[in-house]
There are 2 protein chains.
Amino acid sequence: MRLTTKGRYAVTAMLDLALHEGKGPISLADISERQGISLSYLEQLFAKLRRNNLVASVRGPGGGYQLNRPKADIDVAEVIDAVNENVDATGCNRRGDCQSGEVCLTHHLWCDLSDQIHTFLSGITLADLVERKDVKAVSSRQEARQAEKMIASDIRVASGL
Amino acid sequence: MRLTTKGRYAVTAMLDLALHEGKGPISLADISERQGISLSYLEQLFAKLRRNNLVASVRGPGGGYQLNRPKADIDVAEVIDAVNENVDATGCNRRGDCQSGEVCLTHHLWCDLSDQIHTFLSGITLADLVERKDVKAVSSRQEARQAEKMIASDIRVASGL
DNA sequence: TATTTATCCTACTAATTTGGTCGGCTTTTG
DNA sequence: CAAAAGCCGACCAAATTAGTAGGATAAATA
Ligand code: FES
Ligand code: FES
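Residues numbered from 1 in each chain as written. Chains lettered and ligands numbered in written order. Predicted model: local features only at pLDDT ≥ 70, side-chain atom pairs only at ≥ 80, totals over all residues. Heavy atoms only, no water.

(A) Structural context of the protein's contact with DNA strand D. Neighbouring residues of DNA strand D: 27 residues in total, closest A:Arg2, A:Thr5, A:Arg59, B:Ser57 and B:Tyr65. Each atom of DNA strand D within 4 Å of the protein was assigned to sugar, phosphate or base; sugar and phosphate come to 64%. A:Lys6 places a polar main-chain atom, nitrogen or oxygen, 3.1 Å from a phosphate oxygen of DNA strand D. Within the side chain of A:Gln44, a nitrogen or oxygen atom sits 2.8 Å from a base oxygen of DNA strand D. Breaking the surface near DNA strand D down by element, the ones donating at least two residues are helix H1 (5–19) and helix H3 (39–51) of chain A together with helix H3 (39–51), strand S1 (55–58) and strand S2 (64–67) of chain B. (Near = heavy atom within 4 Å. Polar contact = N/O pair within 3.5 Å; in protein donor to acceptor, adjacent residues only side chain to side chain. Helix = DSSP H or I, 4+ residues; strand = E, 2+ residues; numbered from the N terminus.)

Rendered as structure tokens:
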């Protein structure tokens, strides 16, 4: 089992989409800027998210990504799973054949742990996260930052730099 | 966060010690044979377990390792921690500074998850595991296998091979 | 129609971790 | 003294992570 930035990035990016739902397609460049994730890396992650039908893409100018299902129907476990981070703590993928085909001493312990984690993560949807006040706080901070940057670059453009 | 064979091996080996408590020091060769873990790799893991005062060693023939505390006082989280697998799911080590010094969108989610996992794992002691019937079943199978092997090697020795 | 904006796709990379192996040393028992 | 154990450090192949780089394709717009 592992949970690294890959899975965290995926969830963060999906949550960003959920937060900006209804504003048309969101470009990866926007997400990259707001969440501080490398654009090329986001592309790779979204390739997987798209293959798993979690997002739909629109190409061309003004294009980007949108959630492919209502945000209340997408849970965190799915997202992590889509980018190949498996939330299974067993060494045998629940088959029970760790020790040369037979069940090992601690198999049941890891099964129980896996169940715990999966139950927790699959019980949280993007809609739940959007409603949380800590998420709202961070999101509005990020929007403010982005607006600052856009104004700054407008000034540069207007002054011909 | 990661949970790989390293942590699983450590817990399995510690449980093996707990199961054979009271029979004097247990050699790594025995554990290696019973649990199917490479001897040299066990040595590395036990170096860490010893540094964390979870086990005590006895050198020389007849030597081996013993639990350094009652098995009811050693929980699974400690063991995993001792071999450097950290059970923290955040990217910031709970500091909340993922996004250039500030808290990221999903920080609280990962904190909650980490708490879940830690609560679960630290609530299970080696004594609890020893009592489980699935553990008892696997353990007696392993003892039987080991006895078979010893008899087989005795025959080889007796017949001068 | 040319340009720009965006997704899409493939290949490469440095750094780290995992799960070991190997050889040799030290301590203790018989 | 020999054998059985722990102790220790170096080394290793394979996998994974978190990217970069460079281009191809599709669509909107000037
Ligand atoms: S973890 Fe499933 S058999 Fe060992
Ligand atoms: S995970 Fe803690 S700030 Fe991002």
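(B) A look at the pairing of S1(B). Residue and element names in this part refer to chain B. Two strands pair when backbone bridges link them, and S1 and S2 are joined in this way by four bridges, in the antiparallel orientation. Paired with valine 55 across the strands is leucine 67, a residue of S2. Where S1 folds back on S2, the antiparallel hairpin that results is connected by five residues, among which glycine 60 adopts a positive phi of roughly 85 degrees. (Pairing = 2+ DSSP bridges.)

(C) Structural context of the packing of helix H1 (residues 5–19) of chain B against H3(B). Residue and element names in this part refer to chain B. Between H1 and H3, the least distance of the axes is 10 Å, while the angle of their chain directions is 80 degrees. Compared by their axis directions, H1 and H3 come out roughly perpendicular. Between H1 and H3, the residues in contact are Lys6, Tyr9, Ala10, Ala13, Met14 and Leu17 and Tyr41, Leu42, Leu45, Phe46, Lys48 and Leu49, respectively. (Axes fitted to C-alpha atoms, helices over the stretch in contact; angles between N-to-C directions. Parallel < 35°, antiparallel > 145°, perpendicular 65-115°, else oblique. Contact = heavy atoms within 4.5 Å.)

(D) Structural context of the environment of A:Ala56. Residues and elements named next belong to chain A. Residue position: alanine 56 is located in strand S1 (residues 55–58). On the accessibility criterion, alanine 56 (28% relative accessible area) is partly exposed. Taking the C-alpha atoms as reference, alanine 56 lies 18 Å from serine 40; in sequence the two are 16 residues apart. Here alanine 56 is in contact with Gly64, Tyr65, Gln66 and Asn68, once residues within four sequence places are set aside. (Buried < 20%, exposed > 50% of the residue type's maximum accessible area, 1.4 Å probe, protein only.)

(E) Spatial organisation of the nonpolar core. With 86 residues, the main nonpolar core has A:Met14, A:Phe46, B:Met14 and B:Phe46 as its most contacted residues. Discounting residues that sit within four places of it in the chain, B:Phe46 has contacts with B:Ala13, B:Leu17, B:Leu28, B:Ile31, B:Val55 and B:Tyr65. (Core = buried A, V, L, I, M, F, W, Y, C linked by side-chain atoms within 4.5 Å.)

Remember, this is a structural readout, not a statement about activity or role.
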